[in-house]
Amino acid sequence: MKNILFSAMLSVCMIFSIAHSSKAQQRPNIVVLFVDDLGWADLGYRNSLFETPNIDQLSEDGLDFERAYIASPSCSPSRASILTGKEPVRIGMVRHIIEEDNKMAYLKEGYNMWRKDPVQMPSINHLPLEEITYAERLKEFGYYNMFIGKWHSGTDKYHPIHQGFDAQYGTSNYGHPKGYYQPFFGKGNPLSNIGDDQYLTDVLTDEAERFISSYHKNKPFMLNLWYYNVHGPHHGRKDLVDKYKAKGMDSKYAEYGAMVEAMDESVGRVRAALEKKGIADNTVILFTSDQGGYFTNYPLRGKKNGGYTLNEGGARVPFIMYYPGLTKPGTKCHIPIQTLDVYPTLVEIASGKDQKDKQINGVSLMPLLKGEALNKRALYFLRSYEDQYSAIIEGDWKLIKYHSGNVQLYNVKEDMGEVSNLVFVYPKKTKELKKKLDAWEVEAVPDFTNSLSN
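Residues numbered from 1 in each chain as written. Predicted model: local features only at pLDDT ≥ 70, side-chain atom pairs only at ≥ 80, totals over all residues. Heavy atoms only, no water.

(A) Spatial organisation of the pattern of salt bridges. For the structure on display, the rule yields 38 salt bridges. The salt bridge partner of Asp206 is Arg269, with a shortest N-O separation of 2.5 Å. Taken together, the residues span a long stretch of sequence, with Asp206 in helix α5 (residues 200-214) and Arg269 in helix α7 (residues 251-277) at a distance of 63 residues. Close ionic contact of Lys401 with Asp438 constitutes a salt bridge, the shortest N to O distance being 2.6 Å. With a gap of 37 residues between them, Lys401 in strand β17 (residues 397-402) and Asp438 in helix α11 (residues 427-444) connect regions that are remote in the sequence. (Salt bridge = Lys/Arg side-chain N within 4 Å of Asp/Glu carboxyl O. Helix = DSSP H or I, 4+ residues; strand = E, 2+ residues; numbered from the N terminus.)

(B) Molecular detail of helix α1 (residues 53-61). Looking at α1, one finds that the buried residues are Ile55, Leu58, Ser59 and Asp61. Along the axis of α1, the buried positions cluster into a sector of 165°, meaning they face one direction only. Buried-residue contacts for α1 involve β2 (63-65), α7, β10 (283-289), β12 (319-322) and β13 (331-333). (Buried < 20%, exposed > 50% of the residue type's maximum accessible area, 1.4 Å probe, protein only. Arc of directions from axis to C-beta. Contact = heavy atoms within 4.5 Å.)

(C) Structural context of α5. Compared with an ideal rise of 1.5 Å per residue, which puts 15 residues at 21 Å, α5 spans 21 Å between its outermost C-alpha atoms and is within 8% of the ideal. For α5, the elements touching its buried residues are β7 (144-149), β8 (167-169), β9 (221-226) and α7. (Expected span 1.5 Å × (residues − 1).)

(D) Geometry of the sheet that holds strand β14 (residues 337-338). The mixed open sheet is built from three strands, whose spatial order is β11-β3-β14. Where the open sheet ends on each side, the last strands, each with one partner, are β11 (316-317) and β14. Pairing of strand β3 (residues 68-69) with β14 involves two bridges; the strand directions are parallel. Residue Ala68 lies in a different strand from β14, and its bridge partner there is Ile337. (Pairing = 2+ DSSP bridges.)

(E) Quick peek at the sheet that holds strand β5 (residues 111-114). Strand order in the open sheet made by the three strands is β4-β5-β6, with antiparallel pairing throughout. Across the chains shown, the open sheet's two edge strands, defined by having one partner strand only, are β4 (105-108) and β6 (123-124). The pairing of β5 with β6 spans two bridges and is antiparallel. Its bridge partner lying in β6, Tyr111 is registered against Ile124.

(F) Quick peek at the UniProt feature "domain: Sulfatase N-terminal" (unreviewed entry) in the protein. Following the UniProt record, the feature "domain: Sulfatase N-terminal" (unreviewed entry) maps to residues 28-350 here. The span residues 28-350 shows a helical share of 28% and a strand share of 17%, and its end C-alpha atoms are spaced 7 Å apart. (UniProt positions renumbered as here; feature names shortened; annotations may be inferred.)

(G) Spatial organisation of the packing of α5 against α7. α7 packs onto α5 with a crossing angle of 10° between their chain directions and a minimal axis gap of 9 Å. The orientation of α5 with respect to α7, classified from their angle, is roughly parallel. For the pair α5 and α7, contact is made by Thr201, Asp202, Thr205, Asp206, Ala208, Glu209, Ile212, Ser213 and Ser214 and by Ala262, Met263, Ser266, Arg269, Val270, Ala273, Leu274 and Lys277, respectively. Its residues placed into classes, the contact of α5 with α7 shows seven nonpolar, five polar and five charged. (Axes fitted to C-alpha atoms, helices over the stretch in contact; angles between N-to-C directions. Parallel < 35°, antiparallel > 145°, perpendicular 65-115°, else oblique. Nonpolar A, V, L, I, M, F, W, Y, C, P; charged D, E, K, R; others polar.)

(H) Representation of the confidence of the model for the protein in the model. A residue-level look at the protein finds 93% of positions with pLDDT of 70 or above and a mean pLDDT of 92. Within the model, pLDDT remains below 50 along residues 1-12, and this stretch shows 28 contacts once partners closer than five positions in the same chain are excluded. Confidence drops under pLDDT 50 across residues 14-25; counting only partners more than four residues distant or on other chains, this segment forms 44 contacts. (pLDDT = per-residue confidence, 0-100.)

(I) Spatial organisation of the environment of Asn305. Here Asn305 shows up in the loop between β10 and α8 (312-315). A sequence separation of 12 residues divides Asn305 from Gly293, and the C-alpha atoms of the two residues are 8.7 Å apart.

(J) Representation of the domain arrangement of the protein in the model. If you check the domain split of the protein, you get domain 1 (29-377) and domain 2 (387-446). A straight line from the C-alpha centre of domain 1 to that of domain 2 covers 27 Å. Taken together, both faces of the contact between domain 1 and domain 2 bury some 1,800 Å²; the carbon and sulfur share is 54%. Between domain 1 and domain 2 we count three salt bridges in total. Across the pair Glu443 and Arg90 runs a salt bridge, and its minimum N-O distance is 2.8 Å. Applying the counting rule to domain 1 against domain 2 returns 11 residue pairs in polar contact (both at pLDDT 80 or more). Considered class by class, the residues forming the side of domain 1 that touches domain 2 number 11 nonpolar, four polar and eight charged. (Domains from an automatic or database assignment. Buried area = accessible area lost by both parts, 1.4 Å probe. Polar contact = N/O pair within 3.5 Å; in protein donor to acceptor, adjacent residues only side chain to side chain.)

What follows is the structure in structure tokens.
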């Protein structure tokens, strides 16, 4: 098989293309590792309190996107956007899917209503089956799609096997487990046969290893391992908790540290399984999180809750992509991207062609992997829980809006902690970005979101 040599070139992300091996010229397998509530700063190479040697190594091996964001940082919208490539508000999903007994919200005509939402915007309570997922597209290109873990995009009839995946394992109707040791879930526990001494993250990883080691189909696969970790309740694996208490962390934070390390071990086990199978050189790995963490996200401001989720600590997430034979080890990219870019990227990887879907808002990241530039664009954000509700990022600039009329402007390149509000320092930039955000809201927010609030 003829080798293809890409010319080395310096891009805005300092990425070089290199020669493909014979295996890398085939359609690659794909592994998507999606963590729940892992903060941008909660990795060993950014915070020495945490021990994540396997993710640190993945960062060294691949391309680390330093400014990756979630269009609507919350469990279900983040999943809808990564699956469909669409801004979640366009699907009508501006909050996480709730269960009927949720005290903070209630259901109304298939939508959930958040009791403290200042504008009472309805949010659809499942991912509609008519939406096109990347799994459905990859199936068209001959991929076998496996799903393991957290779904939180609807109950049984909306589960992965109805959204383009060929099989699923460990998928419940819940947004988080009851515990990381049995009983993992209450009603409808999909893992009720697992022993009491087994840790949930390890159980899911066992299945991922089994899938990789036993895979024999004459077609590429896409494995999605979507962790329940590190979402609460914060139950660390028992053999790891004392290590983090010894670092001076309080009890709950030490449990969280142990959860992070257990998840990191899982990443290492998946990579080892690919190596043992002999397919590591022909498997693309993507690692990211669905929103910022529950604990401190210093040096970033904000977290997954507390009214500042659209700040960097809630909306910025880890994002690493390793494409053997294409990504140059240890490269960093500082161009803002969103996880809705995953859909077109995977479609292009699977098909070998520019993706042509018109319904998506994301763009393929393959140009960055190839050493090319992306066209300049603005990123938009919206969630509907509290006063802070929408934002726009364009280059180094970020503007955040509140229902109460407050507006904040930050240069997040120079001020990643969002300490200095520059609204009155740069009134022209404030006006420019607010005008774009206002126009996007009018265009993107579906009309039906107002029809149920009367």
